[in-house]
Amino acid sequence: MLLSSLVSAADDIADAVRVQDTVLSRGELIASAASVSSDLGGARRVAVLASPSVSTVLAVTGCLLAGIPVVPVPADVGAAEREHIVTDSGAQAWLGERPDDLAGLPHVPVRRGGEGSSSFTEPAGSQDDTALIIYTSGTTGPPKGVLLSRRALAADLDALAEAWQWAADDVLVHGLPLYHVHGLVLGLLGSLRVGNRFVHTGKPTPAAYAAAGGSMYFGVPTVWSRVVADTAAAEALRPARLLVSGSAALPVPVFDRIVGLTGHAPIERYGSTESLITVSTRVDGERRPGWVGLPLRGVRTRLVDEDGESVQHDGATIGRLMVQSPTLFDGYLGRPDATADAFDADGWYRTGDVAVIDADGMHRIVGRESVDLIKTGGFRVGAGEIETALLGHPGVAEVAVVGLPDEDLGQRIVAFVVASPDGGARPEELIDYVAQQLSVHKRPREVRIVDALPRNAMGKVLKKALLT
Ligand code: MLC
Ligand code: AMP
């Protein structure tokens, strides 16, 4: 059973989930399943506009308990991306929060209440059933729907609970989006599986983290670098048990500042939407700055060269990181070609990351194979997706998008634009255009208008020349 502790706990927990100032009991969460079942019974899959709200928590929990696959939609989604996700996923309704534009689907609000419904029977079906379809960017084209089974989610959460000694008496705090693996799967579903109290701070500000009184905190590196820039907020985390960083590389100076101000060496862990979390440092193991740890229980990793041959695990040789794991996804929805490309002939998942592994199995992520996948504030964004959006603007003749190093965001999205001859567009206008078409978090932080893009003899844009 995916949300086992939620369903099997003997007593009601009055504050099982808190989202900012609103609190939900365990009984209310379980009752949401009954209400979702009766409102949406028989639905094949539903979309949830996953803003950080109790409505989102009830919608997702209700669907998972009722056995209905959920398509989480970014809370800040724009018009074109919303249309794509709704059409591509085949979602039949919006459940929970109401989007500005329904994109042709009916809207079903979630009902609160139902105190006292303390028992629940998991619907007939299998652990192989899809629980979530999370849209994620590739190097080109629109985002693809990643099919995640109930089994994969459960396996990942159990392996993390083992590595982190995560238990029912923890209070987990974060303020991350509820439409990606980090905030939704690890944060919310992890808490409901383990049975601990869950607190969502609305936004991941240092002050909100300091005030939350948690035992475990999750953050992306941008959040942690903002926390350590606020000495008082960082020091308020001293009583916590575990500070966890993931979704992008945690800079070593930030790691060191966390140790200095909180007394805790952060736990680092590595993964992706497709593989879930596969590598982590352990509560009872070494936490080495710049390294992301050991394979979780049941996970195997290897490094290969360009020909697919294994390279040494000597702590120095760089290779392409491959993963085999019970936590792997079941493919991209409706994209057998892309699914096949993601695996080698022996079924190893190609992560797209390059890494080193030392003789003890400790992993260090060196970077990504492709410059066209950008990680900004922990969000994965495809350069191609932004280029396509910008080319839809009449003021843009040519464009190349790259991720440039950024102290705060890790990488910041920068668009190099050649304006169309009949008058260009102002950078601010182009930034807003992307925010309205895709998601606000995918907008370029900077647009540079240039006379020409650097190209090779074949006419291909030389992105590496734009990185300097
Ligand atoms: C700014 N805003 C605009 C705008 N410009 N709105 C519309 N149009 C424009 N042109 C508004 C935003 O809507 C927002 O409003 C406000 O400005 C600030 O937005 P921001 O500047 O984008 O926020 P920022 O401070 O940069 O966000 C940093 C961050 C965020 C760390 C909070 O990047 C974040 O939440 N990252 C987490 C990503 C994550 O969870 N990734 C996990 C992927 S899973 P308002 O009103 O909203 O404030 C994964 C697997 C694994 O990777 O390993 O975990
Ligand atoms: P996403 O699919 O959004 O979860 O992004 C997955 C990608 O994030 C991985 O392929 C890595 O490139 C990156 N990533 C996740 N965790 C870490 C980490 N701890 N260190 C470095 N990169 C990471």
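Everything below is about the structure printed above this text.
For clarity, every value in this text was computed on a predicted model and none was experimentally measured.

Colleague: Account for the site of ligand 1, naming residues and giving values.
Modeller: Around ligand 1, 23 residues are found, and the nearest of them are Ser247, Arg269, Lys375, Gly377 and Asp432. Within the contact set of ligand 1, a nitrogen atom lies 2.9 Å away from a backbone nitrogen or oxygen of Gly378. Within the side chain of Arg443, one N or O atom sits 3.0 Å away from an oxygen atom of ligand 1. When ligand 1 is considered free in solution it has 1,100 Å² of accessible area, and contact with the protein chains removes 69% of it. Taken together, the elements giving at least two residues each to the shell around ligand 1 come down to α6 (181–194), α8 (221–228), β13 (267–272) and α13 (427–437). For the shell around ligand 1, a count of residues per class yields 9 nonpolar, 7 polar and 7 charged.

Colleague: Break down the sheet that holds strand β19 (residues 363–368) for me, citing the residues and quoting the values.
Modeller: Strand order in this open sheet of 4 strands is β16-β17-β18-β19, and the pairing throughout is antiparallel. For this open sheet the edge positions go to β16 (300–304) and β19, each flanked by a neighbour on one side alone. On average, adjacent strands in this sheet sit at an angle of 45° to one another, irrespective of strand direction. Here 5 bridges tie β16 to strand β17 (residues 319–324), and the two strands are oriented antiparallel to one another.

Colleague: Go over the site of ligand 2, please, and point to the residues and values.
Modeller: Around ligand 2 sit 15 residues, and of these Arg269, Thr273, Asp353, Arg368 and Arg380 come closest. Ala248 is positioned such that a nitrogen or oxygen atom in its backbone is 3.5 Å from a nitrogen atom of ligand 2. Here a nitrogen atom of ligand 2 sits 2.8 Å away from a polar atom, N or O, in the main chain of Arg269. The fraction of the free accessible surface of ligand 2 (500 Å²) that becomes covered by protein chains is 91%. Within the residue set of the shell around ligand 2, elements represented by two or more residues are β13 and β19. Among the elements that make up the shell around ligand 2, the one with the highest residue count is β13 (4 residues). By residue class, the composition of the shell around ligand 2 is 5 nonpolar, 5 polar and 5 charged.

Procedures and definitions
- Residues numbered from 1 in each chain as written.
- Chains lettered and ligands numbered in written order.
- Predicted model: local features only at pLDDT ≥ 70, side-chain atom pairs only at ≥ 80, totals over all residues.
- Heavy atoms only, no water.
- Near = heavy atom within 4 Å.
- Polar contact = N/O pair within 3.5 Å; in protein donor to acceptor, adjacent residues only side chain to side chain.
- Areas by Shrake-Rupley, 256 points an atom, 1.4 Å probe, with all protein chains shown as cover.
- Helix = DSSP H or I, 4+ residues; strand = E, 2+ residues; numbered from the N terminus.
- Nonpolar A, V, L, I, M, F, W, Y, C, P; charged D, E, K, R; others polar.
- Pairing = 2+ DSSP bridges.
- Axes fitted to C-alpha atoms, helices over the stretch in contact; angles between N-to-C directions.

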